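Coordinates in review
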Amino acid sequence: MDFLQSIVLGVVQGLTEFLPISSTAHLRIVPALAGWRDPGAAYSAVVQIGTLLAVLVYFYRDLVTLAVAWAKGLVSKKPFEDPYSRLAWMIAAGTLPIGVCGLWFQDAIESTLRSLWVVSFALIGLAVVLGLAELVGSRRKSLSQIGWVGGVFIGCMQALALIPGASRSGVTITAGLFAGLKRADAARFSFLLSVPAVAASGLYELMHLAESGVGSVMWSSIIVATLTAFGSGYLAIAGLIHFLKKRSTLVFIAYRLILGVLIIVLMKNEIISPY
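None of the values given here were measured: they were computed from a predicted structure. (Residues numbered from 1 in each chain as written. Predicted model: local features only at pLDDT ≥ 70, side-chain atom pairs only at ≥ 80, totals over all residues. Heavy atoms only, no water.)

Focus on the environment of Ser 194
Put simply, the rule is: Per the convention used, a helix needs a DSSP run of H or I reaching at least four residues, while a strand needs a run of E reaching at least two, with both numbered from the N terminus. Two residues form a contact once any of their heavy atoms are found within 4.5 Å.
Counting through the fold element by element, Ser 194 comes out in helix H10 (residues 183-212). With residues up to four places along the chain from it excluded, the contact list for Ser 194 reads Val 55, Gln 158, Arg 168 and Ala 199.

What follows is the structure in structure tokens.
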């Protein structure tokens, strides 16, 4: 993988990780259209560290507040009294399902599920469900008003993000809307919820790459892609939260439908391979 490909894939990763359009789908589609090799699930997971850094920088005040409240709750032996401490525990509980499923279905995630057939149907399927969430969601609750049922529900839905094309931010924002959160608050919770899951998967795959002894060129491309993902990811976070304060997710629903159908047409006409 040369540096141009690394920059392109880093930008794609950063922008699509936080927009509800699936970073995994785009990291499969862009190389397929450009005639490049699939970078693989492991490469994608490591580059996600760049988007994790974007979340840490953008939400550092929130994360410090959550950590302090969580620690105070433990010391006072009242872990669920403070709303921020309660939110921290919700994030921890919501991370368990994706962690368990990720380990359980690891082989399928890195092979069978990366088929563009799976990606296309996941893009279309979640577009329909997100549209339904827009129709029935009350969009009245702020992040501080979310209860255990809603928080754990969103966390459980995050496990669906393991299906390429579903989108981690897409499924969690959709679940947030079903739980009654305002659009911007659903996105905010989605980003905070991503921290432990993305950190765990990225570091896990990074260790495996280190053990495999990849060359200096590979490490250089990973670093370039990760830094690029950080910059584009930071812009995507700020842009999406600002966007959702005033607008619906309709543009993303339409994009997912069009992209999913387009991939199917390209595969049917043998312009791109599903594998």
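After that view of the structure, there is still more to cover.
What about the layout of surface pockets?
Note the cut-off: Each cavity reported here is a set of points on a 1 Å grid over the protein atoms alone in which a 1.4 Å probe fits but cannot get out, each pocket an open set with protein on both sides within 12 Å along at least five of seven lines, and each lining residue one with an atom within 4 Å of a point. Grid points are joined across faces, edges and corners, and a volume is the space filled by probe spheres set on the points. In the scheme used here, Gly and all other residues not listed as nonpolar or charged are polar, with Ala, Val, Leu, Ile, Met, Phe, Trp, Tyr, Cys and Pro taken as nonpolar and Asp, Glu, Lys and Arg as charged.
The computed volume of the largest pocket comes to approximately 730 Å³. If you trace the largest pocket, you find 32 residues lining it, with Ala 45, Gln 48, Ile 109, Leu 162 and Ser 201 closest to the centre. Considering each element in turn, the lining of the largest pocket owes the most residues, 6 residues, to H10. The residue makeup of the lining of the largest pocket, split by class, is 14 nonpolar, 13 polar and 5 charged. Taken as a whole, the second largest pocket spans an internal volume of roughly 210 Å³. Along the walls of the second largest pocket sit 14 residues, with Leu 66, Tyr 84, Leu 87, Leu 143 and Ser 144 positioned nearest its centre.

Here we look at the environment of Thr 24
The following threshold applies: To sort residues, take the accessible area from a 1.4 Å probe on protein chains only and compare it with the maximum for the residue type: under 20% means buried, over 50% means exposed, and anything in between is partly exposed.
Relative to the elements of secondary structure, Thr 24 occurs in helix H2 (residues 23-34). Given the relative accessible area of 21%, Thr 24 is considered partly exposed. Expressed as a C-alpha distance, the spacing of Thr 24 and Arg 140, which sit 116 residues apart in the sequence, is 31 Å.

With respect to the nonpolar core
Stated precisely, the cut-off is as follows: Side-chain atoms within 4.5 Å are what join buried Ala, Val, Leu, Ile, Met, Phe, Trp, Tyr and Cys residues into a set we call a nonpolar core.
By size, the foremost hydrophobic cluster in this structure holds 39 residues, and its most contacted members are Leu 87, Ile 154, Phe 189, Phe 191 and Ile 237. The set of elements that each furnish at least two residues to this core consists of helix H3 (40-58), helix H5 (83-104), helix H7 (116-136), helix H9 (168-178), H10, helix H11 (216-244) and helix H12 (250-268). Here the element with the most residues in this core is H10; it accounts for 9 residues. Sequence-distant contacts of Ile 154, defined by excluding residues within four places in its chain, comprise Ile 146, Thr 172, Ala 175, Gly 176, Ala 179, Leu 181, Phe 189 and Leu 193.

Observations regarding the packing of aromatic side chains
Put simply, the rule is: In this analysis, rings of Phe, Tyr and Trp, with Trp reduced to its six-membered ring, are considered paired at centre separations within 6.5 Å, and the interplanar angle assigns stacked below 30 degrees, edge-to-face beyond 60, and tilted for intermediate values.
Applying the stated criterion across every chain yields a total of 10 aromatic pairs. Seen in terms of ring centroids, Trp 70 and Trp 89 are 5.9 Å apart; in terms of plane orientation they differ by 50°. Their pairing is tilted. Here Trp 70, found in helix H4 (residues 60-76), pairs with Trp 89, found in helix H5; they are 19 residues apart in sequence, far enough to count as distant. Exposure remark for Trp 70: the relative accessible area of 36% places this residue in the partly exposed category. When the ring of Trp 104 is compared with that of Phe 105, the centres are 5.4 Å apart and the planes differ by 20°; the resulting orientation is stacked. Taking the relative accessible area as the measure of exposure, Trp 104 reaches 68% and is therefore exposed. Each residue in the set Phe 18, Tyr 58, Phe 59, Phe 191 and Tyr 234 is aromatic and connected to the rest through ring pairs, giving one cluster.

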